[in-house]
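# Structural characterization, general
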Amino acid sequence: MPRYAILPAPSANRVYAAAAMDLAAAELAFVDRYSLGGRLGRLGIDTFGGVRYLTVEAADPLGEDDLVAVGALSSTYAVFEIETAGRLRPIRGGGARDRWDEDLITIPRYAGRTNDQFTALLLDVAVACTRSGKDARRLRVLDPLCGRGTTINQAVMWGYDAAGVDLDGRDVEAWATFFTTWLQDKRLKHAVERRRLRQSKAIGAGVRIEVSMWADKEAQRAGDGQQIVMVADDTAACVEHFGARSVDIIAGDLPYGVAHGSRSGGRLARRPDQLVADALPVWREVLRPGGSLVLAWNVRTMAPERMAEAVTAAGLEAVELPEGHSFSHRVDRTITRDLVIARRPT
Ligand SMILES: C[S@@+](CC[C@H](N)C(=O)[O-])C[C@H]1O[C@@H](n2cnc3c(N)ncnc32)[C@H](O)[C@@H]1O
């Protein structure tokens, strides 16, 4: 029976410490169940030459699509086939879905930024369970609390269209400055349109920024580009800004109650309960039927049972995790992070 070994990027240990391997296993088990059709067998953790690998069996040798899925896991550094015990044959590197240079993800650094490896995990999970009927390569991802755009940049990295909204207009402007500079530095064809929004509740100026980008002139002529729309406003206005049934994936993270608070109806709170109750029905409306919603949150500010109730009350159905796996992990003394994963019924 073919066996494979996945070498996790060294950064995975730095980000998740002791939970790194469990999270990698949970991501792979989830992708297998919802995207590969349960082709993979037993997952394990094995040590070769003193280095720990995530290992997996398959009934048949993995095909190219399976290998892309394994190579696209957020923590994959390299994938090997285990020829005989302890002999590893390299078959592909990580970043299997990356479309642009890595610095799109690695340059931005600021306080309150969501870790990029975790953002890739979250988006990978959302892509795996989306059933919106859209070609998986042409998905549209909305981060409804986008900050300075970590999820947006990851979605662009994988070739998707992206949309983001944040109440803090300064964050949206900071993203636009970074992104347009990056496009210029890479000499990518692009067009930017800005519009002031008079009705916006944003902190700072309300603005809508639309960016279209293409790899080159030929792609532009062929209409083969990506579109990003960023808005500074309250997330409650998502339907007005992006339209009902307009996105395949909603992905992002709720304010953790440490660097960021949750605002709803103009009130700031440490806990996200009110924001979640008010915004979930709006987010459901923006999703295409079969589309997925994956949000990270700090379980110390809202219990998992309450989150599950809020999701169901908004008319979304929870997506089950493969048995024995969990995405819950400790970030620091004040944050234990988990994912809520749900779908708009078809
Ligand atoms: C955890 S942060 C997101 C950080 C982001 N992933 C990044 O890496 O830059 C949560 C964001 O939610 C925003 N926020 C809170 N309440 C909001 C609301 N009602 N509408 C829109 N954004 C809101 C905050 O301004 C903050 O930027």
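Model, not experiment: these values are computed from the prediction.

### Points about the overall build of the protein chain
Within the protein chain one finds 11 helices and 17 strands. Expected size for 346 residues packed as a compact globule is a radius of gyration near 20 Å; at 20 Å, the protein chain falls within 12% of this value. Across its three principal directions, the C-alpha atoms of the protein chain cover 65 × 50 × 40 Å. Classification of the 346 residues of the protein chain by burial places 45% in the buried group. Partitioning the intrachain contacts of the protein chain with sequence separation of at least 6 by distance along the chain shows that 70% fall at a separation of at least 24.

### Notes on the pairing of strand 17 (residues 336-343)
Buried residues dominate strand 17, accounting for six of its eight residues. Across seven bridges, the pairing between strand 14 (residues 287-298) and strand 17 is antiparallel. Bridge assignment links Asn298 to a residue of strand 17, and that residue is Arg337. The sheet contact formed by strand 16 (residues 329-330) and strand 17 spans two bridges and is antiparallel.

### Focus on the site of the ligand
Residues in close proximity to the ligand total 24 residues, the closest being Thr114, Leu145, Gly147, Thr150 and Thr235. Mapped onto the shell around the ligand, the elements with two or more residues apiece are helix 6 (150-157), strand 7 (161-166), strand 11 (247-253) and strand 12 (262-264). Counting residues per element, the shell around the ligand draws most heavily on strand 12, at three residues. Within the shell around the ligand, the residues separate by chemical class into six nonpolar, 10 polar and eight charged.

### Points about unusual backbone geometry
Although it is not a glycine, Arg187 sits at a positive phi angle of roughly 55 degrees. Residue placement: Arg187 occurs in the loop between helix 7 (169-185) and strand 8 (189-196). Its identity is not glycine, yet Arg245 carries a phi of approximately 50 degrees, on the positive side. Relative to the helices and strands, Arg245 is located in the loop between helix 9 (238-242) and strand 11. We classify Arg245 as partly exposed; it has 15 C-beta atoms within 10 Å.

### Quick word on helix 5 (residues 116-129)
With 14 residues, helix 5 extends 20 Å from end C-alpha to end C-alpha; this agrees with the ideal 20 Å at 1.5 Å per step. The buried fraction of helix 5 amounts to 14 of the 14 residues, a majority that puts the element mostly inside the structure.

### Looking at the packing of helix 2 (residues 20-34) against helix 5
Axes are the key here: two packed helices are described by the angle between their axes and the distance separating the axes. Taken N-terminus to C-terminus, the directions of helix 2 and helix 5 make an angle of 15 degrees; their axes are 8 Å apart at the nearest point. Taken together, the axes of helix 2 and helix 5 are roughly parallel relative to one another. Regarding helix 2 and helix 5, the two cross each other, and that crossing is left-handed. Note on element contacts: helix 5 touches helix 2 through Leu121, Asp124, Val125, Ala128 and Cys129, opposite Leu23, Glu27, Phe30, Val31 and Tyr34.

### Regarding the domain arrangement of the protein chain
For interface size, the figure often reported is the accessible area lost on association. Structurally, the protein chain comprises domain 1 (3-93) and domain 2 (105-343). For domain 1 versus domain 2, the separation of C-alpha centres amounts to 27 Å. Each partner contributes residues to the interface: domain 1 has 19 residues there, and domain 2 has 16 residues. Looking at the side of domain 1 that touches domain 2, the elements that each hand over two or more residues are helix 1 (10-16) and helix 2. Take the side of domain 1 that touches domain 2: its biggest share by element is nine residues, from helix 2. The residue makeup of the side of domain 1 that touches domain 2, split by class, is 13 nonpolar, four polar and two charged.

### Here's the deal with the sheet that holds strand 3 (residues 51-58)
The strand order across the open sheet built from five strands is 2-3-1-4-5, with neighbouring strands paired in antiparallel fashion. Of all the strands in the sheet, the pair left with one neighbour each is strand 2 (40-48) and strand 5 (87-93). Neighbour to neighbour, the strand axes of the sheet diverge by 30 degrees on average, direction disregarded. Bridge analysis of strand 1 (residues 3-8) against strand 4 (residues 76-84) gives five bridges, and the strand direction is antiparallel. The residue of strand 4 that forms the bridge with Ile6 is Val79. This element, helix 2, spans strand 1, strand 2 and strand 3 of the sheet and lies at about 20 degrees to strand 3. Strand contacts of helix 3 (residues 64-71): strand 1, strand 4 and strand 5, with the helix running at about 130 degrees to strand 4, the strand carrying the most contacts.

### Details of the nonpolar core
One finds Ile6, Ala24, Leu122, Val125 and Val141 to be the most contacted residues of the largest nonpolar core, which totals 99 residues. A domain-level breakdown of this core finds at least three residues from each of domain 1 (3-93) and domain 2 (105-343). Leaving out residues up to four positions away in the same chain, Val125 has contacts with Glu27, Phe30, Val294, Leu339 and Ile341.

What counts, and at which threshold
- Residues numbered from 1 in each chain as written.
- Predicted model: local features only at pLDDT ≥ 70, side-chain atom pairs only at ≥ 80, totals over all residues.
- Helix = DSSP H or I, 4+ residues; strand = E, 2+ residues; numbered from the N terminus.
- Rg over C-alpha atoms; globule rule 2.2 N^0.38 Å.
- Buried ≥ 20, exposed ≤ 12 C-beta atoms within 10 Å, placed from the backbone.
- Contact = placed C-beta atoms within 7 Å.
- Pairing = 2+ DSSP bridges.
- Near = placed C-beta within 6 Å.
- Nonpolar A, V, L, I, M, F, W, Y, C, P; charged D, E, K, R; others polar.
- Expected span 1.5 Å × (residues − 1).
- Axes fitted to C-alpha atoms, helices over the stretch in contact; angles between N-to-C directions.
- Parallel < 35°, antiparallel > 145°, perpendicular 65-115°, else oblique.
- Left-handed = near helix turned anticlockwise from the far one by under 90°.
- Domains from an automatic or database assignment.
- Core = buried A, V, L, I, M, F, W, Y, C linked by C-beta atoms within 7 Å.

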